[in-house]
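# Secondary and tertiary structure notes
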Amino acid sequence: MDRLIDIVEDRITYPVTWELDPTNRCNHYCVGCYAKGAGGRTNNDHLTLKQAKYYVDQVVELNAKAINLTGGGDPMFNKITPKLIEYIRNKGLNVGMITNGSLFNDKSIKTVADNCSWVRVSLDAGTPKTHAFIRKVPEKQFGQILNNISKLCEQKTTCKVGTALLTSPETMGDIVEFTRVSKECGVDYVQIRPFHEDFTIPLCINECLAMQDENFKVLYSENKYDAGYKKQYSRCEAQALSGVINVHKLYLCCHFRGVDKYELGDLRELSLKEIWHSQHRQDIINNLDFKDCIPHCRLDLVNRTIDNLKTSVPDENFI
């Protein structure tokens, strides 16, 4: 609430959550990967454990609550990631991670299950054939990933484990099977939403929703299938609540990784606090062009909520 009050009153505030990419390297080559042409594909930057700890320490100083390890590349491609997860938890922050699930071993699975608040595996398929097509890997890897997910679910206590599928004409036929095999692995939820700018409606979604029970949820981002939606707010305020560190560099939001126009600064040159308070960052925020944004961005619903808080509502005493 303190961060929301800062935003509503036009004060500088710090993110509740930081996204931290341990690496820009990945062992998958997905069709439609958002990182192509952005941070995940323009360089092979990789964090050392010393660098990662230094950046985490700066995040702690800015009173963050959590760090989400993502990419960029795949977090588990960097061998420091299990130790980094333990370091973040020992600093008192919650840890989440998004991964393709292929690079776990028994030791790293235990570390993740013991320390992460949540882990989401980007599966994007319900069959080996579709998985191989979307992710450009051998078909046999699908079974290996399902095995890793099952092991994670067997060892988790407070950690929530989920899988994700991005809908498109190529994945549409797998949605029901994706939901079924994910549930069989023991995950807490599946997430179903579209590839960016793909509005192919998943007509079989009701079959997926019917599989829900008290231990298994289907998170369906129905609002993201509105092809005619346009942002009604004039500023992106939510970027102040969610910071993005792509290996060494800060970006305005997760969708602008690797985009020079929206690079806030480099942690090898300035501290996190210096970058956050810089005039350069403020200029980028002030000059943000929504034409560069996807309509249904990750922070859109947060921005809608903040805009409602900042906008005077007629007859506001009538609920």
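Preceding this section is the structure that the text describes.
What comes next is a walk through the structure.

So, how was this worked out
Residues numbered from 1 in each chain as written. Predicted model: local features only at pLDDT ≥ 70, side-chain atom pairs only at ≥ 80, totals over all residues. Heavy atoms only, no water. Phe/Tyr/Trp six-rings, centres within 6.5 Å; stacked < 30°, edge-to-face > 60°. Buried < 20%, exposed > 50% of the residue type's maximum accessible area, 1.4 Å probe, protein only. Axes fitted to C-alpha atoms, helices over the stretch in contact; angles between N-to-C directions. Helix = DSSP H or I, 4+ residues; strand = E, 2+ residues; numbered from the N terminus. Parallel < 35°, antiparallel > 145°, perpendicular 65-115°, else oblique. Left-handed = near helix turned anticlockwise from the far one by under 90°. Contact = heavy atoms within 4.5 Å. Nonpolar A, V, L, I, M, F, W, Y, C, P; charged D, E, K, R; others polar. Pairing = 2+ DSSP bridges. Core = buried A, V, L, I, M, F, W, Y, C linked by side-chain atoms within 4.5 Å. Salt bridge = Lys/Arg side-chain N within 4 Å of Asp/Glu carboxyl O.

### Thoughts on the packing of aromatic side chains
Summed over the entire model, instances satisfying the criterion amount to 5 aromatic pairs. Aromatic pair tyrosine 220 and tyrosine 225: ring centres 5.6 Å apart, planes at 40°, arrangement tilted. Of the residues examined, tyrosine 225 reaches a relative accessible area of 8% and is grouped as buried.

### Remarks on the packing of helix α3 (residues 49-61) against helix α4 (residues 81-90)
Packing of α3 against α4 leaves a shortest axis separation of 10 Å and a crossing angle of 25°. Viewed along their axes, α3 and α4 adopt a mutual orientation that is roughly parallel. For the crossing formed where α3 meets α4, the hand is right-handed. In this structure, α3 uses Leu49, Ala52, Lys53, Val56 and Asp57 to contact α4, whose residues at the interface are Lys83, Leu84, Tyr87 and Ile88. Of the residues contributing to the contact of α3 with α4, the split by class is 6 nonpolar, no polar and 3 charged.

### As for the sheet that holds strand β6 (residues 189-194)
Reading across from one edge, β7-β6-β5-β4-β3-β2-β1-β8-β9-β10 is the order of the 10 strands in this open sheet, with mixed pairing throughout. Two strands close off the open sheet at either side, each with one partner strand: β7 (217-220) and β10 (263-266). Sheet twist, expressed as the mean angle between neighbouring strand axes with direction ignored, is 20°. With 3 bridges connecting them, strand β9 (residues 249-251) and β10 associate as antiparallel partners. Bridging from a neighbouring strand, leucine 250 pairs with glycine 265 of β10. α4 contacts β1 (17-21), β2 (66-69) and β3 (94-99) of the sheet and is inclined by roughly 155° relative to β3.

### Overview of unusual backbone geometry
Cis rather than trans, the peptide bond between glycine 71 and glycine 72 has omega equal to 15°. By the element assignment, glycine 72 lies in the loop between β2 and α4. A positive phi is found at aspartate 10, a non-glycine position, where the angle reads about 60°. Among the structural elements, aspartate 10 can be located in the loop between α1 (2-8) and β1. Residues other than glycine seldom take positive phi values, yet asparagine 63 does so here, at roughly 65°. Following the sequence through the fold, asparagine 63 ends up in the loop between α3 and β2.

### What to know about the nonpolar core
With 79 residues, the main nonpolar core has Trp18, Ile67, Leu69, Ile149 and Leu250 as its most contacted residues. It is helix α7 (residues 140-155) that contributes the most residues to this core, 6 residues altogether. With residues up to four places along the chain from it excluded, the contact list for tryptophan 18 reads Val59, Leu62, Ala64, Ala66, Ile67, Asn68, Gly243, Val244, Ile245, Leu250, Leu272 and Trp276.

### Some details on the pattern of salt bridges
What the rule picks out here adds up to 22 salt bridges. The closest approach of N and O atoms between arginine 257 and aspartate 21, which form a salt bridge, is 2.6 Å. Residue arginine 257 is found in the loop between β9 and β10, and its partner aspartate 21 is found in strand β1; the two are separated by 236 residues along the sequence. Under the relative-accessibility criterion, arginine 257 is labelled buried at 2%. Among the charged side chains, a salt-bridge network with shared partners connects Asp10, Arg235, Glu237 and Lys310.

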